[in-house]
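Analysis of the macromolecular model
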Amino acid sequence: MPGPRDRAASRGSDAPGPAPRSAGFRPDIEGLRAVAVLAVLAFHAAVPGLAGGFVGVDVFLVISGYLITGLLLREAVTTGRIRLGEFFSRRARRLLPSAAIVLGAVALFGAWLTVPLRRADLEYDVLAAAFSVGNWRFVAQQTDYLAAGRDESPLLHFWSLAVEEQFYLVWGPLLALTVLLVLRLVRRGRPDGRGRAVRPVVAALAAVLTAGSFALSLYWTQDSVSLAYLGTPSRVWQFGVGALLALLPWHLLRGPRVLRVLVGWGGAAAVVGCVLAYDTTTPYPGWAALVPTLGTAAVILAGTPGRDGAGAAGASGLGVDRVLGLRAPRAIGRLSYNLYLWHWPVLVLVGAKFGPLDWPVKVALTAAAALPAAAVMRWVERPLRHSRTLSELPRRGLSLGLASVVIPVVLALVVGTGTLRLLGPAAPVDLQGLPPGSSDGTSLLVRTAAVAKGGPAVVPDAVQARKDFPPDGECEVAPTATTSPDCRFGVVGSPDRIVLLGDSHAGQWFSALLAIAAERRWELEELVKQGCPLPELTVVNPQLGRTYRECDTWRANALTRLKEGPKPRLIVVSTLNRYTDDRELLLQGWEKTLAPLRELGVPIVYLRDTPIPGTDVPACVSGHTDDPAACEFPRDKALWADPLADAIAAGRMPGLRTVSVNDVICPGSGRSCPAVLERILLYRDDAHLTNVAAVVLTPRLERLLTESGALPSRTAPAAAPQVTVDGWTQLLRDDFDGPAGSRPSEADWQYDLGTCYPGCPAPQWGTGEIETMTDSTANVRLDGRGALEIVPTRDADGRWSSGRIESRRADFAPPPGGVLRIEAGIALPDVTGPAAAGYWPAFWTLGGELRNGYTGWPAIGELDIMEQVNGRDAVFGTMHCGVLDGGPCQEPRGLGSGDQPCGAECRTGFHRYAVEVDLRPGAEQVRWYLDGREHHRVTAAQLGRATWDRAVDHGLFLILNVAVGGNLPAAFGGAVTPATEPGHPMRVDYVSVATKP
């Protein structure tokens, strides 16, 4: 991800508007402003040879500090006080109306020239710029590695205005307070006496702030280039240099006239030299910023009037101030503020509409931006600056400033609200509703399970894709971190462990590997660091703006942890494969990393990097919802040569295996790779897969790992011996016999742990329950009298936990043309009223394919045999099928039985709850029973053939659980409260599964 100095806009700045033509007016400074703005404009236009034009920022800041501090000081010396209302009123009149027009134009034209997702970002930029906090918004974006791949903001240049306003919001009152205190202490009423009293104190204050800010700038330049470049505290020292020029008696210095001439030309040469010599690789601001800053100070100093009021250098006709005071530089200097405001939005918005621009086109567009700039200066800025009506009372200027903030804010809110409506809600993707992924490599999804018609155009949609990260919390550590936390998932503590090792391109596979590990009852350990190459390479981190030392330390720590810890079962490594294009250097770096991994003696799999689109895919898709093929990207640029994979394939890397899913997500041999495949949006930015894509690729990845020999096959548990009674063949019968406090049979049952299905970690279950599921015997245990107890509990901190068990077998299905019967004897939790609020006991089934990554719900089918909520005297059964919204099963509600009276006896004794899936010709129905009485039926005719077959004609697995809270209890008015009592178990006498031809 490019850092602020890699983004052209981040160099732009402007100081306050043109200086007032009063007793201190300096024509050379007006010309100096022309030098600054032309340097910045040339940099933004990418004019060859002028890559250091960003130093124009520093010139502006020094000029601003000099002019504004001088203005405030003259007022303090002349009147004995600083009128802050008048000061801020003047600034509001000069600066804010012009800025408001640009912000309004960007808000409106951005709606036409940018795609919806980019437009939403832009309106937030307008709000931040209007409130003069844009620099901190851009700091947050540019220091966030996971926000990579987004286009530049047309308002990024407003960061400098925000820095300036924030500085003067502090400096003005601080100066006024200092003047007030000093003059009260010394009681000097004459201007010369006030000057002698105030100047040294204010100068000392400015010197302290300047020194402290410069020290901070040096520190931040080494630690975070974005913060150093865009942060207000690290820029104060440049205002301070200008302030010291205005505060100290430089005009009293004596020396040869030629010395001033040399100082002035030397300063100008320093600024121009930086424009020519610096580029985006220069550590900045830091020490490098001293050269243009002091060069600007030298130019200002050379033109400072002496005792007689004339500039010594200028009088000779040889000084740089004389050249800067000529008509042409001054004309550009007067226009500089508005020209700067307009040029960058023109460049960015035209580029957003028509694609990348060559530098001659950028130069032409920059020149064209002078037209609106001149118009605004002529008809807005000048009339408002010189308006007697506005200048008579400070509150009028302040009111104008407030209006200049409110108007673009309102425009941004109006346009932004419309855009958000167009984009739709940004709710997280329901992973249960994903179609199942294919494992055979011929397609992304199972051929018969494409995303349902009538659903979203793409999944995730563009808004969701931006936030569709792996749900691994803080385990993908940031650039500044040097160690990873103890990030373990799945069956934590299992002797079998998969280690996921690498950068964020490894981290994108978190959900897939967690699903693979959890299904085997293994542990997954994640060791992932953002932007850190796994091969031992020296790289520059764009967020930090310097050599990525933290990466080297982290890599060494990660390898040491693996060496010293328990041996894993499998190590999966993956990383961005374009940190360098030097093939030999890359292979040498890999060898240094892989050598200690090979010593562990465990399988190591290199998961090849996925295609790199190189463009903001969700933004593109948001503008091409009807034609996502428009967002395809070139194959030759997306798929780089991979020396490590080639070496493994050639047998030159013993102990390593390589797998790749690229033939699935960039199929065929055409010239481009898709951004959307089979209605799955594959990328969340310009380089990383969406979590949805990783989830649907899980079956393919698991098959590749298994076929490579790195992973053992996942075999289904052996079927129990079959017993036939009255024509029914028994597939499962568990009477839960065993010692009190023991676990249910591991041969028949497994646990769902945490707050989501294996491979789908989330803070809550998909239906909003608040409990954490455990395998503790405090939550799931035999009672010693032939029953299973599932008990919700609450700890001292108010955290709920409960139990959820599933049958190990997921192949319970009716025989062809036959019947499947699932039955259990259950006593419901013996709790009612407020104490039962949020209780949700259930006995239900899911389609067996959901074990393969938990995708495809509700199409794969769900049969809720028994549910009860909030201790009510009723139970109900439900069928879910079809599509996520509506469809034959009326989702998300499902086809339900309605309340079936149960009474207190269902809490105090066992009752039989059963479902039969009947595929006999002429029947084809699902029936629900309570104590042998049929109370609900769904037929194939209600659903349609395709939906029916998809929902019931396959294997099922069983689930028993007691949830706490969630959407269903809430729908019946049963939110969990402090009055909800823990400790009331659902008791299960037996579970049986049987079939009949």
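Residues numbered from 1 in each chain as written. Predicted model: local features only at pLDDT ≥ 70, side-chain atom pairs only at ≥ 80, totals over all residues. Heavy atoms only, no water.

1. Comments concerning the environment of Ala 426
Examined against the element boundaries, Ala 426 turns out to sit in the loop between helix H18 (394-423) and helix H19 (462-466). Contact partners of Ala 426, with chain neighbours within four places excluded, come to Val 463 and Gln 464. (Helix = DSSP H or I, 4+ residues; strand = E, 2+ residues; numbered from the N terminus. Contact = heavy atoms within 4.5 Å.)

2. Re the pairing of strand S29 (residues 911-918)
Counting buried residues in S29 gives 7 out of 8 residues, a clear majority hidden from the surface. Summarising the sheet, strand S23 (residues 819-827) and S29 pair through 8 bridges and their orientation is antiparallel. Bridge pairing links Ile 822 to Val 915 in S29. Note: S29 against strand S30 (residues 925-930), 6 bridges, orientation antiparallel. Paired with Asp 918 across the bridge in S30 is Gln 925. (Buried < 20%, exposed > 50% of the residue type's maximum accessible area, 1.4 Å probe, protein only. Pairing = 2+ DSSP bridges.)

3. With respect to a nonpolar patch on the surface
A contiguous nonpolar surface patch, about 340 Å² in accessible area, is contributed by Val 258, Leu 259, Leu 262 and Val 263. Its place among the elements puts Val 258 in helix H10 (residues 257-277). Judged by relative accessible area, Val 258 falls into the exposed class, the value being 51%. (Patch = residues over 30% accessible without salt bridge, like charges linked within 9 Å, V, L, I, M, F, W, Y side chains within 5 Å. Areas by Shrake-Rupley, 256 points an atom, 1.4 Å probe, with all protein chains shown as cover. Salt bridge = Lys/Arg side-chain N within 4 Å of Asp/Glu carboxyl O.)

4. What to know about the sheet that holds strand S20 (residues 793-794)
Taken together, the 3 strands give an open sheet; going across it, the order is S17-S21-S20, and neighbouring strands pair in mixed fashion. Two strands bound the open sheet, and with one partner strand each, they are strand S17 (772-773) and S20. With 2 bridges joining them, S17 and strand S21 (residues 800-802) adopt parallel strand pairing. Each bridged residue has a counterpart across the sheet, and for Met 773 the counterpart in S21 is Ser 802.

5. With respect to the nonpolar core
Where a protein is soluble and globular, its nonpolar side chains tend to be buried together. Among the nonpolar cores identified, the biggest contains 107 residues, and Leu 155, Phe 158, Trp 171, Tyr 284, Ile 300, Leu 341 and Trp 342 are the most heavily contacted of them. When residues of this core are assigned to their parent elements, the largest contribution, 13 residues, is made by helix H2 (residues 56-79). (Core = buried A, V, L, I, M, F, W, Y, C linked by side-chain atoms within 4.5 Å.)

6. A look at empty space enclosed by the protein
Taken as a whole and assessed by the stated rule, the structure comprises 7 cavities of 30 Å³ or more. What lines the largest cavity is a set of 16 residues, among which Leu 96, Ala 99, Ala 129, Ser 132 and Phe 158 lie closest to the centre. Only helix H3 (84-113), helix H4 (116-130), helix H6 (159-186) and H18 provide two or more residues apiece to the lining of the largest cavity. Residue composition of the lining of the largest cavity, by class: 13 nonpolar, 2 polar and 1 charged. (1 Å grid on protein atoms, 1.4 Å probe; cavity = no way out; pocket = protein on both sides within 12 Å on 5 of 7 lines; lining within 4 Å. Points joined across faces, edges and corners; volume = space filled by probe spheres on them. Nonpolar A, V, L, I, M, F, W, Y, C, P; charged D, E, K, R; others polar.)

7. Looking at the packing of aromatic side chains
Under the counting rule described, the total for this entry stands at 20 aromatic pairs. Centroid distance Phe 876 to Phe 972: 6.1 Å. Interplanar angle 15°. Geometry classified as stacked. You can see Phe 876 sitting in strand S26 (residues 874-880) and its partner Phe 972 sitting in the loop between helix H33 (967-971) and strand S33 (986-996), a full 96 residues away along the chain. In this structure Phe 876 comes out as buried when scored by relative accessible area, which is 8%. Site record: aromatic cluster; members linked through ring pairs are Phe 43, Phe 54, Trp 159, Tyr 229, Tyr 278 and Tyr 284. The cationic tip of Arg 235 hangs over the ring face of Tyr 229; the distance from NZ or CZ to the ring centre is 4.4 Å. The ring of Tyr 929 carries Arg 821 above its face, with NZ or CZ at 5.2 Å from the centroid. (Phe/Tyr/Trp six-rings, centres within 6.5 Å; stacked < 30°, edge-to-face > 60°. Lys NZ or Arg CZ within 6 Å of the ring centre and 35° of its normal.)

8. Details of the environment of Leu 586
Among the structural elements, Leu 586 can be located in helix H23 (residues 583-598). Take Leu 586: its relative accessible area is 8%, and that puts it in the buried class.

9. Comments concerning the state of the cysteines
Per the counting criterion, the structure on display carries 6 disulfides. With a sulfur-sulfur separation of 2.0 Å, Cys 532 is cross-linked through a disulfide to Cys 551. Residues Cys 532 and Cys 551 share a disulfide whose torsion about the S-S bond is about 80°; that sign makes it right-handed. In this pair, Cys 532 is assigned in the loop between strand S4 (523-529) and strand S5 (540-541) and Cys 551 in helix H22 (residues 549-564), connecting sequence segments 19 residues apart. Both residues of the pair, Cys 532 and Cys 551, count as buried. Between the sulfur atoms of Cys 881 and its disulfide mate Cys 889 the distance is 1.9 Å. (Disulfide = S-S within 2.5 Å.)

10. What about the pattern of salt bridges?
Under the definition given, this model contains 47 salt bridges. For Arg 569, the salt bridge identified is with Asp 496, shortest N-O distance 2.9 Å. Here the residue Arg 569 occupies a position in the loop between H22 and strand S7 (570-574), and Asp 496 occupies one in the loop between strand S2 (488-490) and strand S3 (497-502), the gap between them amounting to 73 residues. Here Arg 569 falls in the partly exposed class, since its relative accessible area comes to 34%.

11. Remarks on the packing of H3 against H4
Where H3 meets H4, the closest approach of the two axes is 10 Å, and the angle between their N-to-C directions is 175°. The orientation of H3 relative to H4 falls into the category roughly antiparallel. On the side of H3, the interface is formed by Leu 103, Val 106, Ala 107, Gly 110 and Ala 111, while H4 contributes Arg 119, Leu 122, Glu 123, Val 126, Ala 129 and Ala 130. Within the contact of H3 with H4, the residues separate by chemical class into 8 nonpolar, 1 polar and 2 charged. (Axes fitted to C-alpha atoms, helices over the stretch in contact; angles between N-to-C directions. Parallel < 35°, antiparallel > 145°, perpendicular 65-115°, else oblique.)

12. Topic: the environment of Ile 498
For Ile 498, the location among the structural elements is in strand S3. Using a relative accessible area of 0% as the deciding quantity, one classes Ile 498 as buried. A sequence separation of 376 residues divides Ile 498 from Ala 874, and the C-alpha atoms of the two residues are 45 Å apart.

13. Let's talk about unusual backbone geometry
Omega for the bond connecting Tyr 284 with Pro 285 falls within 30 degrees of zero, at 5°, which places this linkage in the cis form. With respect to the secondary-structure elements, Pro 285 resides in the loop between H10 and helix H11 (290-302). Residues Glu 891 and Pro 892 are joined by a peptide bond in cis, for which omega reads 10°. With respect to the helices, strands and loops of the structure, Pro 892 is situated in the loop between S26 and strand S27 (895-896). For Phe 736, which is not glycine, the phi dihedral falls at a positive 55°. Looking at where Phe 736 falls in the secondary structure, it is placed in the loop between strand S15 (728-734) and strand S16 (749-751).

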